[in-house]
Amino acid sequence: KQWLLDNHCHDVCMESTGKYWVPVFNLLEDEINVVIANPKWVKAVKGNKDDTKDSKWIGDLFRLGLVKGSYIPCKKVRILTMSLTLAKSRNRKYL
């Protein structure tokens, strides 16, 4: 996070694959504008795909304003949802 801020990076765009984006989003959201892109909206050109090509493609789309960010609830709602999910899963163990 500090490296991004030291290098004047105030915008980050990343693809929402699984739940891998969640801790990164939680870490950055207070000081950096984080856009979570739906993989269906940022499909890369067919061919030899790899993480480097995908990240460059997503970055190019983002710089051109072509990435619509996914809806992410506010932090309070996310915390409440996680707490309820955890409580629900713990209660199932005792039933």
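Preceding block: the structure.
Structural notes, computed from the coordinates. Everything numeric here is computed off the predicted structure, so don't read it as measured data. (Residues numbered from 1 in each chain as written. Predicted model: local features only at pLDDT ≥ 70, side-chain atom pairs only at ≥ 80, totals over all residues. Heavy atoms only, no water.)

1. So, the packing of aromatic side chains
How two aromatic rings sit relative to each other is given by the distance of their centres and the angle of their planes.
At step 1: Inspection of the entire model under this criterion finds 1 aromatic pair.
At step 2: Taking the centre distance of 5.8 Å and the plane angle of 80° together, the rings of W21 and F25 count as edge-to-face. Of the two residues, W21 and F25 are both situated in helix 2 (residues 21-28); the distance of 4 residues between them amounts to about one turn of the helix. Exposure class is identical for W21 and F25. Each is buried. (Phe/Tyr/Trp six-rings, centres within 6.5 Å; stacked < 30°, edge-to-face > 60°. Helix = DSSP H or I, 4+ residues; strand = E, 2+ residues; numbered from the N terminus. Buried < 20%, exposed > 50% of the residue type's maximum accessible area, 1.4 Å probe, protein only.)

2. Remarks on the nonpolar core
At step 1: Core analysis: the largest hydrophobic core is formed by 10 residues, namely L4, L5, V12, M14, W21, F25, L28, I32, V34 and I36.
At step 2: Elements supplying a minimum of two residues to this core: helix 1 (2-6), strand 1 (11-15), helix 2 and strand 2 (33-37).
At step 3: Residue contributions to this core peak at 3 residues, all from helix 2.
At step 4: Contacts of W21, omitting those with residues within four sequence positions, involve M14, E15, S16, I36 and I72. (Core = buried A, V, L, I, M, F, W, Y, C linked by side-chain atoms within 4.5 Å. Contact = heavy atoms within 4.5 Å.)

3. What about the layout of surface pockets?
At step 1: Empty space within the largest pocket amounts to approximately 310 Å³.
At step 2: As for the largest pocket, its lining consists of 15 residues, and the residues nearest its centre are K19, W21, V22, R78 and M82.
At step 3: At the level of secondary structure, the elements contributing two or more residues to the lining of the largest pocket comprise helix 2 and helix 4 (75-93).
At step 4: Ranked by the residues each element gives to the lining of the largest pocket, the list is headed by helix 4, at 6 residues.
At step 5: Taken as a whole, the second largest pocket holds about 200 Å³ of empty space.
At step 6: For the second largest pocket, the full set of lining residues is V12, C13, M14, E15, D51, D54, S55, I58, G59, F62 and R63.
At step 7: Listing elements by their share of the lining of the second largest pocket, those giving two or more residues are strand 1 and helix 3 (51-63). (1 Å grid on protein atoms, 1.4 Å probe; cavity = no way out; pocket = protein on both sides within 12 Å on 5 of 7 lines; lining within 4 Å. Points joined across faces, edges and corners; volume = space filled by probe spheres on them.)

4. Section: the pattern of salt bridges
At step 1: Taken as a whole, this structure holds 6 salt bridges when the rule is applied.
At step 2: The salt bridge involving K1 is made with E31; its shortest N-O contact spans 3.1 Å. Pair noted here: K1 is in the segment before helix 1 and E31 is in the loop between helix 2 and strand 2, with a separation of 30 residues, a long-range link.
At step 3: For K1, a relative accessible area of 33% puts it in the partly exposed group.
At step 4: Between K56 and D60 there is a salt bridge, with the nearest N and O atoms lying 3.1 Å from each other. One end of the pair, K56, and the other, D60, are both in helix 3, 4 residues apart, so they sit about a helical turn from each other.
At step 5: For K56, a relative accessible area of 52% translates into the label exposed.
At step 6: Under the relative-accessibility criterion, D60 is labelled partly exposed at 26%.
At step 7: Ionic contacts of the salt-bridge type, sharing partners, join the residues E29, D30, K75 and R78 into one network. (Salt bridge = Lys/Arg side-chain N within 4 Å of Asp/Glu carboxyl O.)

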